[in-house]
Amino acid sequence: MTVRFARAGFPYEAMFDKGDILERLDIAVHWGHYEIRVLRFHLTSFEPGRIINFHNHSTYEFHFIPRGAGRVILGDQPHSLSEGLLYLTGPGVMHYQEADGAQAMDELCLHVDIVRRPNPSVDPWEAAEAEECMQKLNALPLRPAADSHGAMPCFLQAYEACESKRIGYYTDIRMQVIGILLKTIQAYDSGDTGTEAPSRDMAAYRYDYAVRYMEANYTSGLRLEDVAEKLDLSPRQLQRIFRGVDRERPFSRVLEDIRLQAVCDRLRTGSLSIERIAELEGFSTAAYLHTVFRKRMGSSPSVYRKAKQSELHRHPADTPPGQIDHSPNEVNIYEPNV
DNA sequence: ATGTCGATTACTGGTCGCAG
DNA sequence: CTGCGACCAGTAATCGACAT
């Protein structure tokens, strides 16, 4: 039986109200190639002088002291416990716990089973990071450490999420479980890491971002400077990025391709006037559309429309709506003059 | 890797005239 | 009326060279 020694201002006090609320949940977290299943997840209080005799588990038990004092023997080494300390008892670690003779000792406990379950579809970066963390977890020294990275508040957050039943609370709780694992490792860790977070190929990312932005905004007089500004780059640097990705297609060419593709689409499937199409697809005038279209497609827009629409009538089943190849670079009788 | 500058080239927008 | 082509001046894009 546990006895509570409440004190005003103890942030975890609320966790005594529904002590087993987290344990009633079946919590499983997949992390890289590991599955972490929560067995116990609670706040408990040991009355003064209370002893938990030597025992061990086949699983991982994370212990945190949010209040009070006591003693733990890990293996054969005794250590004193005080507010703010944590320790881990991994599989097979014999341990003995005792609350101070004069004062109670509270303990936040997360008891988990961790099983390796290889999963080929897992993100390799996450897998590498989880692997490194598990190696560190298995090599943690058998001694208490200060909760320097704030693992204990994760207990309270998990409890509050569970109690509130707010949207996403199960995910929130699982994140707190991972948080407790990580912060425990960090409490012992020197800070060096063998794995790095995934980094982007910045040129490819910027190119992709720029093209997407152009596709979404090409009708509104888009300029190199506008796109560069979106990427927080100089126009010159954006030009270099376009040149680096595809030497043959600078900014203006990519923009022109996007516009021509839309024009071709309208010519093939609609009956809008050339002037109206030019207006809708970002060409200042029909005259300019004619110039560009002829240069790239080898014919005028109206000739193209006649040819494509008669083609559609001859082979309606070959080109269902929405699956028409309207690339300006298509190879046909109207191949653009590159 | 990125920014600035300057020379060069290409694009843009307006206008006009011609043809069907 | 619509589509098309030509012309021209202003603007934007391109790119090498150089600096940070």
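What you are looking at is a predicted structure, and each value in this text was computed from that prediction instead of being measured.

**Concerning the overall build of chain A**
Part 1 of the argument: Assigned secondary structure in chain A consists of ten helices and nine strands.
Part 2 of the argument: The burial tally for chain A puts 44% of its 338 residues in the buried class.
Part 3 of the argument: Considering only intrachain contacts with a sequence separation of at least 6, the fraction spanning at least 24 residues in chain A is 75%.
Part 4 of the argument: Approximately 17900 Å² of chain A is accessible, and the part contributed by carbon and sulfur atoms is 50%.

**Description of a nonpolar patch on the surface**
Part 1 of the argument: The grouping of M202, Y205 and Y209 at the surface amounts to a nonpolar patch, some 250 Å² of accessible area in total.
Part 2 of the argument: Its relative accessible area of 34% is what places Y209 among the partly exposed residues.

**Remarks on the environment of Y170**
Part 1 of the argument: Residue placement: Y170 occurs in helix α3 (residues 169-188).
Part 2 of the argument: Taking the C-alpha atoms as reference points, Y170 and I27, separated by 143 residues in sequence, lie 8.0 Å from one another.
Part 3 of the argument: In this view, Y170 contacts D26, I27 and A28; residues no more than four positions away in its chain are not counted.
Part 4 of the argument: A polar contact of 3.1 Å, which involves the side chain of Y170, links it to the backbone oxygen of D26.
Part 5 of the argument: Within polar-contact distance, the side chain of Y170 engages the backbone nitrogen of A28 at 3.3 Å.

**Notes on the side chain of D147**
Part 1 of the argument: On the secondary structure map, D147 appears in the loop between β9 (145-146) and α2 (152-164).
Part 2 of the argument: Buried charge without a partner: D147 forms no salt bridge, and the closest opposite charge is K183, 7.8 Å away.
Part 3 of the argument: Within the structure, the side chain of D147 is placed 2.8 Å from the backbone nitrogen of A151, a separation counted as a polar contact.
Part 4 of the argument: One polar contact links the side chain of D147 to the main-chain amide nitrogen of M152, over a distance of 3.0 Å.
Part 5 of the argument: Not counting the four nearest positions on each side in its chain, D147 is found in contact with G84, L86, M152 and P153.

Conventions we followed
- Residues numbered from 1 in each chain as written.
- Chains lettered and ligands numbered in written order.
- Predicted model: local features only at pLDDT ≥ 70, side-chain atom pairs only at ≥ 80, totals over all residues.
- Heavy atoms only, no water.
- Helix = DSSP H or I, 4+ residues; strand = E, 2+ residues; numbered from the N terminus.
- Buried < 20%, exposed > 50% of the residue type's maximum accessible area, 1.4 Å probe, protein only.
- Contact = heavy atoms within 4.5 Å.
- Areas by Shrake-Rupley, 256 points an atom, 1.4 Å probe, with all protein chains shown as cover.
- Patch = residues over 30% accessible without salt bridge, like charges linked within 9 Å, V, L, I, M, F, W, Y side chains within 5 Å.
- Salt bridge = Lys/Arg side-chain N within 4 Å of Asp/Glu carboxyl O.
- Polar contact = N/O pair within 3.5 Å; in protein donor to acceptor, adjacent residues only side chain to side chain.
- Lys, Arg positive; Asp, Glu negative; His and termini not counted.

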